[in-house]
Amino acid sequence: MTTYSKLLMSAALCLAAVGAEAKTLVYCSEGSPEGFDPAPYTAGTTFDASSRPVYNRLVEFEKGTTNVIPGLAESWEVSEDGLQYTFHLRPGVTFHTTEWFTPTRELNADDVIFSFERQRDEANPWHQYTAGISYEYFNSMDMGSLIENIEKVDDLTVRFHLTRPEAPFLANLAMDFASIMSKEYADQLEAEGRMADLNQQPVGTGPFQFVAYQQDAVIRYHSNPTYWNGQQPIDDLVFAITTDPAVRLQKLQAGECQIMPYPAPADIEAIRADGNLTLMEQPGLNVAYMAYNTQMPPFDNPQVRRALNMAINKQAIIDAVFQGTGEVAKNPIPPTMWSYNDEVQDDPYDPDAARKMLEEAGVSDLSMKVWAMPVQRPYMPNARRTAELIQEDFAKVGVDVEIVSYEWGEYLERSSATDRDGAVILGWTGDNGDPDNFLGVLLSCAGVGEANRAQWCNEEFTDLINQAKTTSDQDGRAELYRQAQVIFKQEAPWATIAHSTVFMPMSNKVQGYIMSPLGSHQFDGVDIAE
Amino acid sequence: MIRFILGKLLYLVPTFLGVTIVAFGFVRVLPGDPVLLMAGERGISPERYQQLLEQLGYDQPIWRQYLDFLGRLFQGDLGESLVTKSPVLHEFLTLFPATVELAICAILLATLIGIPAGVLAAVKRGSWFDQISMGAALIGYSMPIFWWGLLLIILFSGILAWTPVSGRISLLYYFPEVTGFMLIDSLLSGQDGAFGSAVAHLILPTIVLATIPLAVIARQTRSAMLEVMGEDYVRTARAKGLPWRRVVGVHALRNAMIPVVTTIGLQIGVLMAGAILTETIFSWPGIGKWMVDSIFRRDYPAVQGGLLLIAAVVMAVNLIVDLLYGLINPRIRHV
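Scoring rules and cut-offs
- Residues numbered from 1 in each chain as written.
- Chains lettered and ligands numbered in written order.
- Predicted model: local features only at pLDDT ≥ 70, side-chain atom pairs only at ≥ 80, totals over all residues.
- Heavy atoms only, no water.
- Helix = DSSP H or I, 4+ residues; strand = E, 2+ residues; numbered from the N terminus.
- Rg over C-alpha atoms; globule rule 2.2 N^0.38 Å.
- Buried < 20%, exposed > 50% of the residue type's maximum accessible area, 1.4 Å probe, protein only.
- Contact = heavy atoms within 4.5 Å.
- Areas by Shrake-Rupley, 256 points an atom, 1.4 Å probe, with all protein chains shown as cover.
- Buried area = accessible area lost by both parts, 1.4 Å probe.
- Salt bridge = Lys/Arg side-chain N within 4 Å of Asp/Glu carboxyl O.
- Polar contact = N/O pair within 3.5 Å; in protein donor to acceptor, adjacent residues only side chain to side chain.
- Nonpolar A, V, L, I, M, F, W, Y, C, P; charged D, E, K, R; others polar.
- Disulfide = S-S within 2.5 Å.

### A closer look at the overall build of chain A
In step 1: Along the backbone of chain A there are 18 helices and 19 strands.
In step 2: The C-alpha atoms of chain A give 25 Å as radius of gyration, which agrees with the globular expectation for 530 residues (24 Å, within 12%).
In step 3: Seen through its principal axes, chain A has C-alpha atoms that stretch 75 × 55 × 40 Å.
In step 4: Counting across all 530 residues of chain A, residues that qualify as buried make up 59%.
In step 5: Partitioning the contacts of chain A with sequence separation of at least 6, the portion at a separation of at least 24 is 69%.
In step 6: Total accessible area computed for chain A in this model is approximately 19100 Å², and 47% of it derives from carbon and sulfur atoms.

### Some points on the side chain of aspartate 393 of chain A
Residue and element names in this part refer to chain A.
In step 1: Assignment of secondary structure puts aspartate 393 in helix H14 (residues 383-396).
In step 2: Exposure remark for aspartate 393: the relative accessible area of 6% places this residue in the buried category.
In step 3: Excluding its chain neighbours within four sequence positions, the residues that come into contact with aspartate 393 are Ala311, Ile312, Asn313 and Tyr349.

### Side note on the interface of chain B and chain A
In step 1: Contact residues are listed per partner, giving 48 residues for chain B and 61 residues for chain A.
In step 2: Contact between chain B and chain A buries roughly 4400 Å² in total, counting both sides, with carbon and sulfur atoms accounting for 54%.
In step 3: A per-residue breakdown of the area chain B buries against chain A is headed by Glu41, Arg42 and Tyr174 of chain B, which together make up 22% of the total.
In step 4: For the interface between chain B and chain A, the tally reads 2 salt bridges.
In step 5: With a closest N to O distance of 2.7 Å, arginine 48 of chain B and glutamate 136 of chain A form a salt bridge.
In step 6: Across the contact surface, chain B and chain A share 10 residue pairs in polar contact (both at pLDDT 80 or more).
In step 7: Those elements that provide at least two residues to the side of chain B that touches chain A are helix H2 (34-39), helix H3 (46-56), helix H5 (88-123), helix H7 (145-159), helix H11 (244-281) and helix H12 (287-296) of chain B.
In step 8: In the side of chain B that touches chain A, the residues fall into 24 nonpolar, 14 polar and 10 charged.

### Brief notes about helix H15 (residues 408-416) of chain A
In step 1: With 7 of 9 residues buried, H15 of chain A lies mostly within the body of the structure.
In step 2: The set of residues buried in H15 of chain A consists of Trp408, Gly409, Glu410, Tyr411, Leu412, Ser415 and Ser416 of chain A.
In step 3: Buried residues along H15 of chain A sit against strand S14 (367-371) and strand S16 (423-429) of chain A together with H2 of chain B.

### Observations concerning the state of the cysteines
Residues and elements named next belong to chain A.
In step 1: Applying the stated criterion across every chain, the model contains 2 disulfides over all chains.
In step 2: Paired through a disulfide, cysteine 28 and cysteine 257 show a sulfur-sulfur distance of 2.3 Å. Linking cysteine 28 and cysteine 257, the disulfide has an S-S dihedral of approximately -105° and is accordingly described as left-handed. Of this pair, cysteine 28 sits in the loop between strand S1 (24-27) and helix H2 (44-49) while cysteine 257 sits in the loop between helix H9 (245-254) and helix H10 (268-273), and the two are 229 residues apart along the sequence. One exposure class covers both cysteine 28 and cysteine 257, and it is buried.
In step 3: For cysteine 445, the disulfide goes to cysteine 457, at an S-S distance of 2.0 Å. Here the disulfide of cysteine 445 and cysteine 457 is right-handed, its torsion about the S-S bond being about 95°. A residue pair is termed long-range when its members are at least 10 positions apart, and cysteine 445 in the loop between helix H16 (436-443) and helix H17 (459-469) and cysteine 457 in the loop between H16 and H17 qualify at 12 residues.
In step 4: For cysteine 445, a relative accessible area of 21% gives the class partly exposed.
In step 5: A residue is classified by how much of its surface remains accessible, and cysteine 457, at 46% relative accessible area, is partly exposed.

What follows is the structure in structure tokens.
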């Protein structure tokens, strides 16, 4: 499409918005999207700009929660053995009509099958539609080996056959990589020999349709006039890409945008004091931890790990590093997640007892490494400072700490090695709100050498996790996860450090914004007061 | 003159080859790689890691990767970004006009203020103007760009509300890109107020980016002028009874300009470095910000392609400066 036709298109859309007073919401986003096809990417910034405004999924996360609710599928059934999921698609859903695509039919089972087959089947022409593409989320959620095949029962019914029962499967389908694309649009792109445009000019069923992207500067959307879930209160949605948090705040205060993510922790107080701004906050679905290498002595002894945990003054870390924007973690999952076991008692901060326990375990003159990440992450504002505090705490119980750090990519790789020495500071942000996404990925035997940085393989724990994964009843699963958290605390493969708080400053005029516990930013249903 | 130009052009060949090695080697020397960064906290199994490396061609020996890169380069192919999957050349050309526009404004500002200030400071050596302007130049030269930019935003956009905070034009204006230069495109758009908005958005980033070159040019002009003013021919010109203005403006300034032009040429490199920070703070969609993002993501094709193109631009500008130099000072052509 030429730039002129883009212009005409947007002009037409603006006219459609009735009168000169189109309501526009400007979001000062934190970075550029990598592309507009969500499936090949893993970054939240990309999902905020692609899957959340433009696309829908079979099932969705209910706003503000991690509950799975109907999306493009009105209803579904799960077979007794948990191996078949049958989805009944919502009739009458249309894909966006844009300058570059006009749908001739409504959403049907072919679209659903296409959306998954292109990620699953290496022989599918869309599997490698542009050079070097890969589907890391689909792969890392193990969808390839989980889905045996996808069957079109009729135009509005689609059935997934699984190779094993897997309770988190539904939640996985609400994730960004599972966004439903138009098969008809893909066919058109293929026929026109411009398959790569799937990643540049998205067409979905979502609340907003894509208008244009000026690289690294502005993304424009217009509300979808035929959205199946109702008309949007605003006419236009604009992302003004602003990477620096201090500049984002200046723009917000100057009225150049109405809402922004990720304020700098140091600015929180100023935002609270600004009468024109509202500050929403929510505990993040995350955890920051320090993982011992449980395969290397003396950290193979749970008593040593617990003793060290008791030597850490976690509240001091919350105060100094998180500047109060977080809470002490006692479990590996955050308190907002279902199955969180509040009865678990955290190890008390007690250096004297810790020293005694170390002596009992026969550990003296211990020297160890503590790894500090070189980057800031949503769950950890400053790993180096955290490591320094831990170094001071450990010195009090006679443990000498050397702080090490590597470049981020190398840090991630080296910390995965089973023969790595010392304890690694790292963290995790939930993908789909399912406890398995924390406990299974980060702590089960299958994750050793990869995401399980404690290299901790406890059969009893892993059995509970696996059992929960194949149990379909949520109460039953929650009980199994609660038991797993008790074992985790006794065995102490990690020092659980903190759950950070997520902030969202916005103009007082913004109405109806709901923070997602999963950290995504979505603007359907959001209005601006005149 | 033609021999002089050809000689200069010939020098560029080995320089350019050297640049290809540096551009290719630079990102690969950095620890970490794109696959690991993409996998993040989740980690990646060794098998999958190997598979992805093969898919991207990074399992090949390094010399073969370099030769592939060179081979494709000679066909004008810089490859595709690992992240956006778009051709690197296309991304560069999309973003480059924004950087050029900013850089031209900055160098114009730096030159138009820097040279007169330097001349005046030299002529009125030791005066309060000399003291203040050279003091200011020293401060400007040592100012951390990021801090300076934020300071200006807080003062002029936040407190005084005179200028917009960031971006290239108000979001109210939306028109097709014709040249990529916002000042021109906003005029072509014919929309009321678009040009004014583009100018307003340029003011602060131009000041920030111009600060260091301005300081350097002013100081260089002053010292070159002082040196020339002490020369015999200047004294002779004055003794002949030529008007003071003519002595300073023609006899002294023209000769003093030789090192100043060189300095201005060298500032292009400084501008590119400054653009990285200036663009980041003002959300200016240029190549500086794009390069930083690409480096952090270890986007090999984008980084090596971008470095190469930037180097080519800097080389071209330096060539032009060399030629100008020849024009100002005919003796140089024969050296």
